[in-house]
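Spelled out from the first residue to the last, the chains are:
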Number of protein chains: 2
Amino acid sequence: MLDDNLAQKIKDSKYRLTSQREAILEVMVANRGKHLSAEEVLQKARDEHPLIGMATVYRTLDILASMDILHKSMFDDKFRYELCDNDRHQHHHIICLSCGAIAEVQEDLLHILEEHLEKKGFRVLDHDLKLYAYCPECCQRQKNLAR
Amino acid sequence: MLDDNLAQKIKDSKYRLTSQREAILEVMVANRGKHLSAEEVLQKARDEHPLIGMATVYRTLDILASMDILHKSMFDDKFRYELCDNDRHQHHHIICLSCGAIAEVQEDLLHILEEHLEKKGFRVLDHDLKLYAYCPECCQRQKNLAR
DNA sequence: ATCGCTGCAAAATCTTTGCAAGTTA
DNA sequence: TAACTTGCAAAGATTTTGCAGCGAT
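Throughout, a residue's number is its position along its own chain's written sequence, starting from 1. Chain letters and ligand numbers both follow the written order, the letters beginning at A and the numbers at 1. For this predicted model, a pLDDT threshold of at least 70 governs which residues receive local features, and a threshold of 80 or more governs which side-chain atom pairs are given and counted, while totals over whole chains, interfaces and linings are taken from all residues. To obtain the side-chain values, all non-hydrogen atoms of the structure were used and water was disregarded.

(A) View of the protein's contact with DNA strand C. Only heavy atoms are used to decide nearness, and a residue is near a molecule or strand if one of them lies within 4 Å of it. Around DNA strand C lies a shell of 19 residues, among which A:Arg16, A:Tyr58, A:Phe79, B:Gln20 and B:Thr56 are the nearest. Restricting the count to atoms of DNA strand C within 4 Å of the protein gives a sugar and phosphate share of 71%. In protein, a polar contact requires one atom able to donate a hydrogen and another able to accept it; more generally it is a pair of N or O atoms within 3.5 Å, and residues adjacent in sequence count only if both atoms are side-chain atoms. Measuring from a phosphate oxygen of DNA strand C, one finds a backbone N or O atom of B:Leu51 at 3.3 Å. Note that a phosphate oxygen of DNA strand C is positioned 3.2 Å from one of the backbone N or O atoms of B:Gly53. Every element with two or more residues in the surface near DNA strand C is listed here: helix 4 (54–66) and strand 3 (78–83) of chain A together with helix 2 (19–30) and helix 4 (54–66) of chain B. Strands are runs of DSSP state E lasting at least two residues, helices are runs of H or I lasting at least four, and both sets are numbered from the N terminus onward. Here the surface near DNA strand C gets four residues from one element, more than from any other, and that element is helix 4 of chain A. Here the residues of the surface near DNA strand C are counted per class, giving eight nonpolar, four polar and seven charged. Only Asp, Glu, Lys and Arg are considered charged in this grouping, and only Ala, Val, Leu, Ile, Met, Phe, Trp, Tyr, Cys and Pro are considered nonpolar; every other residue, Gly among them, is considered polar.

What follows is the structure, given as structure tokens:
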């Protein structure tokens, strides 16, 4: 079942709400909080819409990102997309170098940095912070192996 | 003229110091502080070594990055490489959305964030912060146009 | 003389684009 | 109907790989 707000947002835009776009939106909503690649979106969207093509997926994801419905960023050498979540605005990613798990960090220390830069004449619009770490589970596993 | 330290570092490693590797190192040293793509490195390296191939460039850049001589990161949808600078360790990138200029930020606010994560059981090894902004020059140009 | 390294070409990925046909408002 | 959208296939772009021959130690 698709979030009416998002469907409406598209109807109100210059874009048309097609069954393919609806299917892709549903996939993104159903996977809230996950960072899906175009390939993953394609596979999941095909459950609902078996004939959908990759070009449509890329085109739709880019439209949704330009409408601030999705956030597009680069992980693992490819673009990944996640549903924007208005409640948790400033979140950063912490990527486990061992298992690849992606956790999120809510801390908002970057405002201080951004204010500093604004004083120097920059106008900061966005940022992207990735932390590379071993996650608690992998740290534990490494300790167990060492025993 | 190539930094003897770096040439020596390769000689001391399991890798051989070939004329191609030397040429690539020289390019990176001559462009200290810049973020070069493989293609750009290839073009510059060919001034010195006209027959060098792209595969060699990629292979060498990856070796140098694995030795912590270069830092590899993704900008503008491709990998870019820059010489590691021991004096300015924690630096972040601020990318102008208008002219594409890349400035660097030395502020080191991330330690606080990393300590917080360490307490939660992560072991943080590296981070990558990109800020997207309009640079002071482009801000000024926009103001001038508006007049 | 080894064993590593190189250049070339081909392959592998990921992403974008052209176009004829189908669909939406 | 008019304009937008789709799927397919082809093209683009970046990066990696296989291999025969070359080169460093």
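Let us keep going from here.
(B) Focus on the interface of chain A and chain B. Taken together, the 34 residues of chain A in the interface contact 34 residues of chain B. Surface buried jointly by chain A and chain B totals about 3,000 Å² across both partners, of which 74% is contributed by carbon and sulfur atoms. The tally of links between chain A and chain B comes to eight residue pairs in polar contact (both at pLDDT 80 or more). Taken together, the elements giving at least two residues each to the side of chain A that touches chain B come down to strand 5 (102–105), helix 5 (110–119), strand 6 (123–134) and helix 6 (136–146) of chain A. In this analysis, two residues are considered to be in contact whenever any of their non-hydrogen atoms come within 4.5 Å of each other. By convention, the term buried area covers the 1.4 Å-probe accessible surface removed from two parts as they join, with the contributions of both added.

(C) Highlighting the relation of the copies chain A and chain B. Residues reaching a pLDDT of at least 70 in both copies supply the C-alpha atoms on which the copies are superposed by least squares. Mapping chain A onto chain B is achieved by rotating through 180° and translating by 0.0 Å along the same axis, at an RMSD of 0.1 Å. Interpreted geometrically, this transformation is the action of a two-fold axis. When C-alpha positions in chain A are compared against the rotation axis, the closest is assigned to A:Leu129, at 2.1 Å. Here 100% of the contact residues of chain A are again contact residues in chain B; the copies associate through an equivalent surface.

(D) Focus on unusual backbone geometry. Of note, the phi angle at A:Asp77 is positive, near 65°, even though the residue is not glycine. Position of A:Asp77 relative to the elements: it lies in the loop between strand 2 (70–75) and strand 3. Residues other than glycine seldom take positive phi values, yet B:Asp68 does so here, at roughly 65°. Residue position: B:Asp68 is located in the loop between helix 4 and strand 2 (70–75).

(E) View of the sheet that holds strand 4 (residues 92–96) of chain A. DSSP calls a pair of strands paired once it identifies at least 2 bridges connecting them. The strand order across the open sheet built from six strands is 5(A)-4(A)-6(A)-6(B)-4(B)-5(B), with neighbouring strands paired in mixed fashion. Strands at the two margins of the open sheet, each flanked by one partner only, are strand 5 of chain A together with strand 5 (102–105) of chain B. On average, each strand axis in the sheet is inclined to that of its neighbour by 25°, with strand direction left out of account. Where strand 4 (residues 92–96) of chain B lies against strand 5 of chain B, four bridges are found, and the strand directions are antiparallel. When the bridges of strand 5 of chain B are listed, B:Ile94 appears paired with B:Ala103. On the sheet, helix 5 of chain A packs against strand 4 and strand 6 of chain A together with strand 4, strand 5 and strand 6 (123–134) of chain B and is oriented at approximately 140° with respect to strand 6 of chain A. In the packing of helix 6 (residues 136–146) of chain B onto the sheet, contacts are made with strand 6 of chain A together with strand 4 and strand 6 of chain B, and the angle to strand 6 of chain B comes to roughly 20°. Interaxial angles span 0 to 180 degrees and are taken between N-to-C directions of axes, which are lines fitted to C-alpha atoms, for helices over the stretch in contact.

(F) Region of the structure containing the environment of B:Val41. Of note, B:Val41 is situated in helix 3 (residues 38–48). The sequence separation of B:Val41 and B:Val57 amounts to 16 residues, and the corresponding C-alpha distance is 7.3 Å.

(G) Region of interest: the domain arrangement of chain A. Residue and element names in this part refer to chain A. Each domain of chain A was delimited in the assignment, giving domain 1 (4–83) and domain 2 (92–146). For the domains described, the bounds stem from an automatic or database domain assignment. Domain 1 and domain 2 are separated by 25 Å when their C-alpha centres are compared. Contacts between the two partners involve six residues from domain 1 and, on the opposite side, six residues from domain 2. Taking both sides of the interface into account, the surface hidden between domain 1 and domain 2 amounts to around 500 Å²; carbon and sulfur atoms contribute 58%. Broken down residue by residue, the surface that domain 1 buries against domain 2 is led by His 35, His 71 and Phe 75, which jointly contribute 68%.

(H) Structural view of the protein's contact with DNA strand D. Near DNA strand D, the surroundings consist of 18 residues, among which A:Gln20, A:Arg21, A:Thr56, B:Tyr58 and B:Phe79 are the closest. Atoms of DNA strand D within 4 Å of the protein: sugar and phosphate make up 67%, bases the balance. A distance of 2.8 Å separates a sugar or linking oxygen of DNA strand D from a polar atom in the side chain of A:Gln20. B:Arg16 places a polar side-chain atom, nitrogen or oxygen, 3.0 Å from a base nitrogen of DNA strand D. Only helix 2 (19–30) and helix 4 of chain A together with helix 4 and strand 3 (78–83) of chain B provide two or more residues apiece to the surface near DNA strand D. In terms of residues, the surface near DNA strand D owes the most to one element, helix 4 of chain B, which gives four residues. A breakdown of the residues in the surface near DNA strand D according to their chemical character gives seven nonpolar, four polar and seven charged.

(I) Spotlight on the sheet that holds strand 1 (residues 36–37) of chain B. All names here are of chain B. With antiparallel pairing, three strands are arranged side by side in an open sheet as 1-3-2. In this open sheet, the two edge strands, each paired with only one partner strand, are strand 1 and strand 2. Of the strand pairs in this sheet, strand 2 and strand 3 are connected by six bridges, and their pairing is antiparallel. Counted as the bridge partner of Ser 73 is Arg 80 from strand 3.

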